[in-house]
Structure formats: structure tokens, C-alpha cells
Amino acid sequence: MIQNYLKIALRNLLRNKVYSFINIAGLSVGMAVAMLIFLFVSHEVSFDKFHVNGDRIYKVLSEVKYGDQVVNITALTQKLAPAVKENNAEVLDFVRTKGTGSVVLKNPQNPDQKFKEEGFIFADASFFSVFSFKLKEGNAKTILQNPFSLIISEKAAKKYFGNENAIGKTLLCDAKYLYTITGIMENVPSNSSMSQDFVTSLETYPKLGVEQKKTWEQAGAFETFLLLNSEQSAAKVTKGIVKTVKKTGVFDEKATFILNQFSSQHLGGGFTGNLNARYVYIFAGIALLILFLALFNYMSLTTARATTRAKEVGIRKVVGAGRSGLIQQFYIESILICSLAFGLAFLMIELLLQPFYDLLGVQIDASFLSNPLFLLVIAGLFLFSAFVAGSYPALLLSRFIPIEVIKGKFTSGQGGASVRKGITVFQFTVSVVLIVCAIVCQKQLNYMKNKDLGFTKDQVLVVSVDNSMAKNYLNLKNDIKQMTGVKAVCSVINPLFKGCNAWFTNSIKSKKEVVLFYIGTEDTFFKTVDLQWAIPPTNSGNLGKKVFVNEVAAKQLELGKNPIGQFMNLANSKREVAGVLKNFHFDQLQSEIGPLMINVYGENSTDWATEGGGETSLYIRLESNAAITEKVANIKYLYEKYQAEKPFDYYFLDEAFNETFTTEMRLSQMFSLFTGFAIFIACMGLFGLVAFAAETRTKEIGIRKVLGASVSNIVTLLSKDFVKLILISMIIAFPIAWWAMDKWLQVFAYRIAINWSVFAIAGFCTMLIALLTVSYQAIKAAVANPVKSLRTE
């Protein structure tokens, strides 16, 4: 019986090639898009789930309220974890880690080969016992016990030592410290929030120098993870931390502590809120919508052609076929079409996978494609598609009354015309909503790209430097300044758009607590990026050793109308305010401009190195007509002349600004892509329905043409019903789209207003695309020879 059903299904596919193509193409596109998005979603949901103890590992976070601001602290003192474990029986173990930013490593046996590495961390000896990072070689309990021991990943071992055994070999770090490799770990999975390739003993850190020893003894610089005996102990341990703080007296008693479950932190919790989760849910929702568009296409076209199969169903019932058998037959047809579409979807995925990764800025391990979670999602997607696609056609077609069908009393209206209209409205509603979302995203993106930041970001080359450059800094700076095409050079601590450290102080009058973001620089910085003065300094020739604030800081510090010459307390010392800058955007546009302090140090080769407090860079302002490639090459030559050990690392300031809204750029691109797929699927369905309408009204069109109807009359006749449906979809879509994008825009401190032009553009584009789709089939039917259509009657 099943073999017979398959033969009939194949025969119907071959007999109706246009409708078969529309069904299979629409389903394959919908399935391919859904599978790609669900690959990303399942990968995001699986983050850190591979850790055996993941549900019992908690990261300790802290909040301190200072004035009107809440300061979030993720790095704590190294003394906290041992004290908490000692005073809380529920804490089985702990891990403290510290990242290094970037280091330069090289194999002493191959000194000419060196690499800048980002994934280098210090960690407790318990790191591989608490977390489930697998070791290929080495004992998890002993490999991190000694200072300057190092565990490297498989890819790092291959990179530095080729096919040689790396155990016992050494790597030189920053041309100073020699590490001995004691273990090899498997490459970190792509669904890990930790992405280290190098792990060294935490005991190594205080042995690196005076500054590191001071940080070890005093500062809060270590991420802290606790392994609890159960999830239920988290609340009790949180209270225990507060008691430990009060008992020891070495921590800030005003701080609030939070335990954030490690396996859940990627999608929410902690200080990031649920931003990742929100985008994951948006993508998952869009994937389902696009899949439903494709499934509804199949249902709509299948039921539209119900009249052509009505006699088949009637005869089968007359000769004894039951309704269950007919339902089975139509489900088998559905499974066959879904199987063909599924296979075609996999071919599309092979082509689209890497571009999809590039679009999202992710790289998913190939092994994840065989992950049980993803395989379960794929299997569920196929079964769901086959069930939904076949459900309505099977139930509709199997309920036909045979005597009415054989007598010719069955009409197309019985084939679910109202349902097909509803499907068309749904499809174009989704398309219009996505078009509006894509337009609003792009407008907001353009607004941020073109917003006046209050300074010049173009033609500014930023070169990363560290303390090892201090002794040669003045020579490097002078050499660069003498180059043609260079307008200005200065050093900057906490460069723009890379995050700022903060200082704590009090307002002048009310002594209210104020948090000031901090930039350290030379007096040439103001001209380098063309900052504007609200109240300029009275002595413009000597700005060294002075403090400058922006308008927001001046207001919060209560400096009044004459701030110049007033003093503010910073770290138990008084600093003179020498000028007030107009507000400018030094961080991402999602947040309002905060209070900023710019500390100007003297033009001395060691000042920027000893000031510390953040990442340091050189700002090099180039002339507008400068040959960029040539200047970068020349500056690289000068840099390597004075610093042979550290690779030349640079970026442009406008690139750093653009990176602050990378998420929004990707979201805009994704919406544009999703919109394209949705419109394609909706138009394919509309094309099929118009073709069927023209086919079923062939005789009527022929008679109308014989009686004098023009081509435009026929086109209008076939198009008007579909135009009405699209207008209805717009009426439904516009409020939904406005609500969704208004909610999304609330995230931005500086945002566009959604005006009528957005909906006008979306409506015009939708109607134009729909009319082009409808017109092709309508004109084709209208210009057909009426004699041929009437001769067949």
C-alpha cells in the first residue's frame, strides 16, 4: 500500500512540475534558513554545558554603589576565595584566574618565530579539576602546582613545535619569562565562554615583578569561581560571603556580592543581563516564522489544487478507501516532498555555512554538527515540518463527500479558500514586519555612524605600546612627527572606545560621591583629535600635570560657573581643574555621555608608563591626503627599530568606533537577509496561487476577451483580490513592527524616531514586489489566445 502511495506521489510531482518546484524550493529555503539559525541557537544554548560540574560552579561578582552610580566588579582580590572556602562548608573548591590581555610568545629554539597571543591566563592548580577542559597529556592535579609551569592547547603545540612532543619544552614570554610546558590540553570547544590556549600557574603571577606583586597583595584583579556541593547552596554561600567580609575586614563591607551560575552566564545573569538571550530568542523566532512561511506555502498550494484531486478522492472512497487511509496517503506525499526539500536544504547549508559564520562573527566547531542537541533539533525540525505541512491538506482532502464530488457539486470554495487568504495575509504580514525592522535597524545604524561625536575620529592611527617602549618613546615620537603627512602624535591611557577605568571622588559642595571615567594623555591630545572647549584653560601653553573635565563631570562635581583653579581630591591628593571640555562621546553610543576626567601628564618618556591605569596607545593624526598604506609601513619600520620583541599592532580610531556597534551591524544584516528569504518564500506562494487562479479561470478569461475585455481589465481582475490581501497584511504589520522596533530602540541613549516614511517605504516595496509577482502570471493569462481556451470546452 505504501509503495502504491509513493508511486502516486511521484506521479503527481512529475505531472505538476511548476507547483512541485514551488513547493520544494520554498520548503528547502525555509528549512535551510531554519537549520542555520537553529545551529547558531543550539550552539548558544549549549555554552559551558560540557562542564561536568557546570551547574555547581558559580562566579563571584560584586557591586558597589558610589553616589548615583553602581560600579560592577568582576575581578576580586585573590584573598576572597580561600577565605570563603574556609568559612563555608558548602564550598568544595575554588578557582581564581587572571587574563593578561596579550603576550608575545616564542620558541627559544626558533627565536625568529614569534606570535602575539590573547588566550594566556593564570589559574589555580584546581583549574582542570573544577572545569572539564580535557587534558591530552599531564596530571590534572599536579600540572599547575609549580610556578612558570604551562599547559598549552593542541593547536598551540602544533603552532610552536610542529609534530614534536612539546612536554618539557619551553616558551619565552615577552622576552623575559621562561615557561616550561607540563601539559597538553584539547582545543577549547567553540561553545566555551573561556577561550584560553595557554594556562600557567597562578603562583607565577606575583613572581613577575613589583607591580604584579603589589596587585597580588592589594588589588582586586582575579576572577573567582566557587564549586559548591549543590545548586541549592548558592543562597546560603552568598550570605556566607557577606559574613566573611565582615569577619575578615579586608574587603569593602558596602559591596553587594552575587553568585552567577557559570553554565547559565552566557545567556543571562551577572552584569550583562539577558542581552545574548534576547538576540538568541529573536533569531529563533524568526527561524520559526520563515519555516512556517514555507510550510504554509505548501499547505496553501495543495489545498488550492484540491479540485483537481477531488475525483481521485471520491473514487477511492467509493471503492472502499477509508479516511485514515487517505490521510496516510497525503502524509506520505508530504513526507516525500519534505525529504526532497530536506536534502536540497543540506546542499544549501554546505554553501552558506561559512558566509553565515562570517555574518554572525562566530566560528562553530565542525564537531558540534554531530552534537546530540543539534541532531535532536534537526530531527525535530524534519518531523515537525512533515507533520505540519501534511496536516491540513490531509484532513481537508480526506473529508470530501464522494457522491457530491462525483456529481460535480464540489467547488473550489470547499478547498479552504478562506484559509489560503489567511495564509497569504500571514506571509505578507511577516514580510512587511521584517522589512520595517530592516529599515529601522539600518536607519539607526546610519544615525550612529554619522553622529557628531564631538571630535575628529578620521585619519587617526592608533598603535598599541607598553612599558617596554618607555625608554625609547621620545625617540619614536620625534621620528614619527618628522614624517611628512603626520599632523600630531601623543600617548593615551585608556584610548577612546576601548573602555575606561574609573576614579572615585566627591563633589565640591555637597560631598556627593562621584565616579569619573579616566583618560591619561599629553597636552597635544586635544589638538590631535580636535576636542572643543566649553571653558578653555587660561594658560594654554602649559597644560601638564593638570586635570580637565567634561561638562557632565563639571556639573556632578558642582564646580559652578568658574571651575578653573578649583581643586578636586583624587587618591588622597588634590588636583587642579584647568579647563572644561564640551561633552564628547568617548564610549559606545548605547550609553549616555558619562562624567570624564582627562589627566594630562608632562611630556616625559616615563610618565605615561608610570601613570598606569589602563591600556596605552599612540595616537598619530595623519593628513587627509596622506597615503595610508605607505604611512603605516613607515611607522611600522620605526616602531620595530625601537621595539623588536613586540609585534606592531595598530588600528584606526574610526574602526574602533564602528566596533562599538558591531552587534547592531550584524543584526541589521541578519534582518536584511531574513527579509529577503521571507519575501522570496511569500512571492513564490503568491506566484503559485495566481497561476492556479489563472488556470481555473481560463474559460472565464477567454469569454471576457471575446466580449472585448482588454489586457489591463484581465490583469486587474486577477490582481485585485491579492492586492486587497496585501493591504490587509500591511494594516496588521505596521503596528506590530512599530511596537517591536520602538522597544528595541529603547536600548540606545541616542536613537532615531520612527516616522511615517519607514512605513511608506516598506509598504511601497511590498506592494511593488507583490504586483510584479502577480502581474507576470496575470499578463500571461491575459494575452493568451481565447480561441484555444474556449476550443477545449
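The following paragraphs examine the structure supplied in this document. (Residues numbered from 1 in each chain as written. Predicted model: local features only at pLDDT ≥ 70, side-chain atom pairs only at ≥ 80, totals over all residues. Heavy atoms only, no water.)

1. Points about the packing of aromatic side chains
Then, in step 1: Scanning all chains against the criterion turns up 43 aromatic pairs.
Then, in step 2: On the numbers, 5.5 Å between centres and 40° between planes, the contact of F292 with F296 is tilted. In this pair, F292 and F296 both sit in helix 8 (residues 275–304), four residues apart, roughly one turn of the helix.
Then, in step 3: By relative accessible area, F292 is classed as partly exposed at 23%.
Then, in step 4: Taken together, the ring pairs connect F115, F120, F122, F148, Y160, Y177, Y179, F198, Y205, W216 and F222 into an aromatic cluster.
Then, in step 5: The positively charged end of K159 is found above the aromatic ring belonging to F115, 4.4 Å away from the centroid.
Then, in step 6: The lysine or arginine in question, K498, covers the ring of Y651, its NZ or CZ lying 4.6 Å from the ring centre. (Phe/Tyr/Trp six-rings, centres within 6.5 Å; stacked < 30°, edge-to-face > 60°. Helix = DSSP H or I, 4+ residues; strand = E, 2+ residues; numbered from the N terminus. Buried < 20%, exposed > 50% of the residue type's maximum accessible area, 1.4 Å probe, protein only. Lys NZ or Arg CZ within 6 Å of the ring centre and 35° of its normal.)

2. Here's the deal with the pairing of strand 23 (residues 616–622)
Then, in step 1: Burial analysis of strand 23 places seven of its seven residues in the buried class, which makes it a mostly covered element.
Then, in step 2: Alternating residues of strand 23 divide into T616, L618, I620 and L622 and S617, Y619 and R621, and every residue in both groups is buried.
Then, in step 3: Here strand 14 (residues 460–465) pairs with strand 23 via six bridges, running antiparallel. Opposite V460, over in strand 23, you have R621 as the bridge partner.
Then, in step 4: Here strand 15 (residues 486–493) runs beside strand 23; their pairing, made up of seven bridges, is antiparallel. Along strand 23, the bridge assignment pairs I493 with T616. (Pairing = 2+ DSSP bridges.)

3. Quick notes on the pairing of strand 17 (residues 513–521)
Then, in step 1: Within strand 17, seven of the nine residues are buried, leaving the element largely enclosed by the surrounding structure.
Then, in step 2: In the sheet, strand 15 pairs with strand 17 via two bridges, with the strands oriented antiparallel. Counterpart to I493 in the pairing with strand 17 is G520.
Then, in step 3: Note that strand 16 (residues 501–506) and strand 17 share six bridges and pair antiparallel. Of the residues in strand 17, the one forming a bridge with T505 is V514.
Then, in step 4: Remark: six residues form the turn of the hairpin made by strand 16 and strand 17, two consecutive strands paired antiparallel; K511 in that turn has positive phi of roughly 60°.
Then, in step 5: Pairing of strand 17 with strand 22 (residues 596–600) involves five bridges; the strand directions are parallel. By the bridge assignment, T521 is partnered in strand 22 with V600.

4. Re the packing of helix 14 (residues 473–481) against helix 18 (residues 628–642)
Then, in step 1: At a closest axis distance of 10 Å, the pairing of helix 14 and helix 18 adopts a crossing angle of 160°. Compared by their axis directions, helix 14 and helix 18 come out roughly antiparallel. Here helix 14 and helix 18 pass one another in a crossing that is right-handed. Contact residues: helix 14 offers N475, L476, D479 and I480, while helix 18 offers I635, L638, Y639, K641 and Y642.
Then, in step 2: Counted by class, the contact of helix 14 with helix 18 contains six nonpolar, one polar and two charged residues. (Axes fitted to C-alpha atoms, helices over the stretch in contact; angles between N-to-C directions. Parallel < 35°, antiparallel > 145°, perpendicular 65-115°, else oblique. Left-handed = near helix turned anticlockwise from the far one by under 90°. Contact = heavy atoms within 4.5 Å. Nonpolar A, V, L, I, M, F, W, Y, C, P; charged D, E, K, R; others polar.)

5. Focus on the nonpolar core
One recurring pattern in soluble globular proteins: nonpolar side chains tend to sit buried together.
Then, in step 1: Counting 134 residues, the largest nonpolar core has L496, F525, I598 and Y619 as its most contacted members.
Then, in step 2: In terms of residues, this core owes the most to one element, helix 2 (residues 17–45), which gives 17 residues. (Core = buried A, V, L, I, M, F, W, Y, C linked by side-chain atoms within 4.5 Å.)

6. A word on the pattern of salt bridges
Side chains bearing opposite charge may pair, as long as their charged atoms lie close to each other.
Then, in step 1: Under the definition given, this model contains 14 salt bridges.
Then, in step 2: Between K646 and D174 there is a salt bridge; the shortest N-O distance is 3.9 Å. On the criterion of sequence distance, the pair formed by K646 in the loop between helix 18 and strand 24 (650–652) and D174 in the loop between strand 9 (170–173) and strand 10 (177–185) is long-range, its members being 472 residues apart.
Then, in step 3: The partner of D530 in a salt bridge is R621, and the shortest N-O contact between them spans 3.2 Å. Here R621 lies in strand 23 and D530 lies in the loop between helix 15 (525–528) and strand 18 (533–535), a separation of 91 residues in the sequence. (Salt bridge = Lys/Arg side-chain N within 4 Å of Asp/Glu carboxyl O.)

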